[in-house]
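Listed below are the residues making up each chain.
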Amino acid sequence: MIPIEPHFFLDDSEIEESFIRASGPGGQNVNKVSTAVQLRLDLARTRSLPEDVRERVAKLAGKRLTKDGVLVITAQRHRTQERNRQDALDRLVALIRRAVPAPTPRRPTKPTAAARHRRLQAKSHRAAIKEMRRAEPDQR
């Protein structure tokens, strides 16, 4: 079990790992060793996450979510498989932690009387400036 919050855990059996070859520099080692990691979490089938958290994770995931509802995180920053594996897991946990708290609903507010007054004052000031710029017709 992977701890997300003090009362909230993610079952590590629901996470699939695959190792792929990383792009970028690496010398002769780059063509021989698969150091990059792809973590996959099927959001549609996971039992560890409540429905509302799953929806928020899917919204936060963006392009990392496939059409089938699978979250894919690729890590290839480091040269070792273990560090990339830990990096991908940390990024997954961070994404889920961002989705755990429910967003606070926005309460619509109205502008104060003073703000309305300032807005109208600014409008009339701009109108007066434009009125002064207006050229008077020639009276010849």
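Here, residues in each chain are numbered from 1, in the same order as that chain's written sequence. Whole-chain, interface and lining totals are the exception, using all residues; otherwise, since this is a predicted model, local features are given only for residues with pLDDT of at least 70 and side-chain atom pairs are given and counted only at 80 or more. Water and hydrogen atoms were dropped before computing side-chain values, which therefore reflect all heavy atoms in the structure.

Details of the overall build of the protein
Phase 1 of the analysis: Comment: elements are numbered from the N terminus, with helices defined as DSSP H or I runs of at least four residues and strands as E runs of at least two. For the protein, the helix and strand inventory stands at 3 helices and 5 strands.
Phase 2 of the analysis: For the radius of gyration, the atom set is restricted to C-alpha positions; the globular benchmark scales as 2.2 Å times the number of residues to the power 0.38. Over its C-alpha atoms the protein spans a radius of gyration of 28 Å, topping by over 25% the 14 Å that the globule rule assigns to 140 residues.
Phase 3 of the analysis: C-alpha extents for the protein along the principal axes are approximately 90 × 45 × 25 Å.
Phase 4 of the analysis: Residue exposure (1.4 Å probe, protein chains only): buried if accessible area is under 20% of the type maximum, exposed if over 50%, otherwise partly exposed. Looking at the 140 residues of the protein, the share that counts as buried comes to 28%.
Phase 5 of the analysis: Put simply, of all contacts in the protein between residues at least 6 apart along the chain, 59% involve residues at least 24 apart.
Phase 6 of the analysis: Here the protein has roughly 10,900 Å² of accessible surface; of this, 51% comes from carbon and sulfur atoms.
Phase 7 of the analysis: Taken together, the 30 basic and 17 acidic charged side chains of the protein have centroids lying 10 Å from each other. Any two residues whose heavy atoms approach within 4.5 Å at even a single point are treated as in contact. We get accessible surface area from the Shrake-Rupley algorithm with a probe of 1.4 Å; when it comes to residues, only the shown protein chains can shield them. Only four residue types enter the charge count, namely Lys and Arg as positive and Asp and Glu as negative; His and the chain termini do not. Here the site of a charge means NZ on Lys, CZ on Arg, CG on Asp, or CD on Glu.

Some details on the environment of R83
Phase 1 of the analysis: In this structure, R83 sits in helix 2 (residues 81-99).
Phase 2 of the analysis: Exposure remark for R83: the relative accessible area of 51% places this residue in the exposed category.
Phase 3 of the analysis: The sequence separation of R83 and Q121 amounts to 38 residues, and the corresponding C-alpha distance is 61 Å.

Concerning the confidence of the model for the protein
Phase 1 of the analysis: By definition, pLDDT measures how confident the predictor is in each residue, and it falls between 0 and 100. Across the protein, the average pLDDT comes to 84, with 91% of residues at or above 70.
Phase 2 of the analysis: No element of the protein has a lower mean pLDDT than strand 1 (residues 2-5), at 74, and none a higher one than helix 3 (residues 113-133), at 95.

What to know about the nonpolar core
Phase 1 of the analysis: By size, the foremost hydrophobic cluster in this structure holds 23 residues, and its most contacted members are L10, L41, L49, V57, L71, L92 and I96.
Phase 2 of the analysis: Elements with a minimum of two residues in this core: strand 1, strand 2 (8-10), strand 4 (36-42), helix 1 (51-61), strand 5 (70-75) and helix 2.
Phase 3 of the analysis: No other element matches the 6 residues that helix 2 contributes to this core.
Phase 4 of the analysis: Leaving out residues up to four positions away in the same chain, L49 has contacts with F8, L10, L41, L43, R54 and I96. Think of a nonpolar core as a cluster: buried Ala, Val, Leu, Ile, Met, Phe, Trp, Tyr and Cys residues, connected wherever their side-chain atoms sit within 4.5 Å.

Regarding the side chain of Q38
Phase 1 of the analysis: In this fold, Q38 is placed in strand 4.
Phase 2 of the analysis: If we ignore the near neighbours within four places in the chain, the residues touching Q38 are E16, E17, S18, I20, V72, I73 and T74.

Topic: helix 1
Phase 1 of the analysis: Looking only at helix 1, the buried set comprises V53, R54, R56, V57 and A61. Viewed end-on, helix 1 has its buried residues packed into an arc of 165 degrees, placing them on one side of the element. Helix 1 presents E55 and K59 as exposed residues on the side facing more than 90 degrees away from its buried surface.
Phase 2 of the analysis: Of the surrounding elements, those touching the buried residues of helix 1 are strand 2, strand 5 and helix 2.
Phase 3 of the analysis: Phi turns positive one or two residues past the end of helix 1, at G62, with a value near 65 degrees. Each C-beta atom gives one direction from the helix axis, and the arc is the one those directions make.

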